[in-house]
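# Observations on chain architecture
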Amino acid sequence: MDLTGRVAVITGGSRGLGRAIALGLVEAGAAVAVASRKLESCAALVAEIEALGGRASAHAFDAASWEDCDRLFAEVTERWGGADILVNNAGKSPVEPSSLETSQAAFDVILAINLRSPFRLSALFGAQMVARGGGAIVNVSSSGSRKAEPYFAPYAAAKAGLNTLTESFAKEYGPTVRVNTVMPGPFHTDGTKTWSRSKGFAEHARKNQPLGRGGEPAEIVGAVVYLVSDLASYVTGACLAVDGGHLIARG
Ligand SMILES: NC(=O)c1ccc[n+]([C@@H]2O[C@H](COP(=O)([O-])OP(=O)(O)OC[C@H]3O[C@@H](n4cnc5c(N)ncnc54)[C@H](OP(=O)(O)O)[C@@H]3O)[C@@H](O)[C@H]2O)c1
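Residues numbered from 1 in each chain as written. Predicted model: local features only at pLDDT ≥ 70, side-chain atom pairs only at ≥ 80, totals over all residues.

### Looking at the site of the ligand
Neighbouring the ligand are 30 residues; Gly12, Gly16, Arg37, Gly91 and Gly191 lie closest to it. In terms of residue count, helix H1 (residues 16-27) provides more of the shell around the ligand than any other element does, 3 residues in total. Looking at the shell around the ligand residue by residue, the class counts come to 10 nonpolar, 14 polar and 6 charged. (Near = placed C-beta within 6 Å. Helix = DSSP H or I, 4+ residues; strand = E, 2+ residues; numbered from the N terminus. Nonpolar A, V, L, I, M, F, W, Y, C, P; charged D, E, K, R; others polar.)

### Considerations on the sheet that holds strand S4 (residues 85-88)
Strand order in the open sheet formed by 7 strands is S3-S2-S1-S4-S5-S6-S7, with parallel pairing between adjacent strands. Only two strands of the sheet have a single partner each, and these edge strands are strand S3 (56-60) and strand S7 (239-242). Strand-to-strand twist across the sheet, computed as the mean angle between neighbouring axes with direction ignored, equals 15°. (Pairing = 2+ DSSP bridges. Axes fitted to C-alpha atoms, helices over the stretch in contact; angles between N-to-C directions.)

### Some thoughts on unusual backbone geometry
With an omega dihedral of 0°, the bond running from glycine 174 to proline 175 counts as a cis peptide bond. By the element assignment, proline 175 lies in the loop between helix H5 (153-173) and strand S6 (177-184). Its identity is not glycine, yet tyrosine 151 carries a phi of approximately 75°, on the positive side. For tyrosine 151, the position within the fold is in the loop between strand S5 (135-140) and H5.

### Some points on the packing of H1 against helix H8 (residues 218-228)
In contact at an axis separation of 8 Å, H1 and H8 are set at 55° when each is read in the N-to-C sense. With respect to H8, the axis of H1 lies oblique. In terms of crossing hand, the pair formed by H1 and H8 is right-handed. Across the interface between the two elements, Leu17, Ala20, Ile21, Gly24 and Leu25 of H1 pack against Ala218, Ile220, Val221, Val224 and Val225 of H8. In terms of residue class, the contact of H1 with H8 is made up of 9 nonpolar, 1 polar and no charged. (Parallel < 35°, antiparallel > 145°, perpendicular 65-115°, else oblique. Left-handed = near helix turned anticlockwise from the far one by under 90°. Contact = placed C-beta atoms within 7 Å.)

### Re the environment of glycine 126
Mapping glycine 126 onto the fold places it in helix H4 (residues 104-132). As a C-alpha pair, glycine 126 and leucine 165 span 39 residues in sequence and 12 Å in three-dimensional space. When neighbours within four sequence positions are excluded, glycine 126 is seen to be in contact with Ile137, Phe169, Tyr173 and Val177.

### Brief notes about the pairing of S5
For S5, a buried count of 6 out of 6 residues is recorded, marking the element as mostly surrounded by other parts of the structure. Residue alternation in S5 divides its side chains into two sets, Gly135, Ile137 and Asn139 and Ala136, Val138 and Val140, and both sets are buried. Looking at chain direction, S4 and S5 are connected through 4 bridges and run parallel. Along S5, the bridge assignment pairs isoleucine 85 with alanine 136. For the segment spanning S4, H4 and S5, crossover handedness is right-handed. (Buried ≥ 20, exposed ≤ 12 C-beta atoms within 10 Å, placed from the backbone. Right-handed = clockwise from strand over helix to strand, strands pointing away.)

### A look at the environment of lysine 147
Along the chain, the position of lysine 147 falls in the loop between S5 and H5. The partly exposed category is assigned to lysine 147, around which 16 C-beta atoms lie within 10 Å.

### Considering the nonpolar core
Core analysis: the largest hydrophobic core is formed by 66 residues, its most contacted members being Val9, Val32 and Val34. Take this core: its biggest share by element is 8 residues, from H5. Setting aside residues no more than four positions away along its own chain, valine 34 makes contact with Ile10, Gly13, Ser14, Ala22, Cys42, Leu45, Val46, Ala56, Ala58 and His59. (Core = buried A, V, L, I, M, F, W, Y, C linked by C-beta atoms within 7 Å.)

This is the structure in structure tokens:
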């Protein structure tokens, strides 16, 4: 899976699954534009990548902001001349006390981060990829988009919308650009530490999930690198679960 000479943009690339994916893309030969809210976290990863002999750039970007999507596109285009790969990974999955207590502001920000920003970035970078003659987009959704749970409704709905965006953009920007989804199940990251390291989760996963445990960030990398590589040249509009069997679990 050789990505030498390609430029990849990854949102939420500074920590968790995004960080693992960024390092995987670099290992495959790509230069990586790492974007998240905290510029210093992105810069620290860029320094790490450069120390490994890779090429990368750091970008401050809030996925809740449409203007930041436009600014990220402009910065990447200026720095690298454009992108060949976009990974829409930044996401937020707050658990609300109940649907009744979920505010309009909370609902709007969940939709903006998980759905609106991938839409805007896919529109911008996808159109650019068409003009440049090729490219690949991967949207990081969630097994929760297919198996919604209480207190999670706006997030699950946003990720289900993201699955639909994948199909829509695969048609709009095909045949030049391929667009696919990966659906992570429960992974151990900062974003999930309140529950994924708990005894209750470990017990539940052991009893109900085919692979019996949560995933480690490195275990998402192969799927994403595959989908953006030429090995997946006939794969578009697909939704690949990387979830330890969460979707087919008993509970
Ligand atoms: N971990 C899981 O179990 C799991 C399961 C299903 C789906 N997912 C999806 O996988 C993706 C990554 O999850 P994760 O668990 O790795 O998350 P994480 O550990 O919380 O890391 C989130 C990353 O996104 C950045 N980020 C957060 N809010 C942002 C915003 N508004 N704008 C730009 N960047 C933002 C963070 O950096 P800054 O703080 O610097 O912004 C960080 O780099 C998300 O889309 C999530 O919904 C994860």
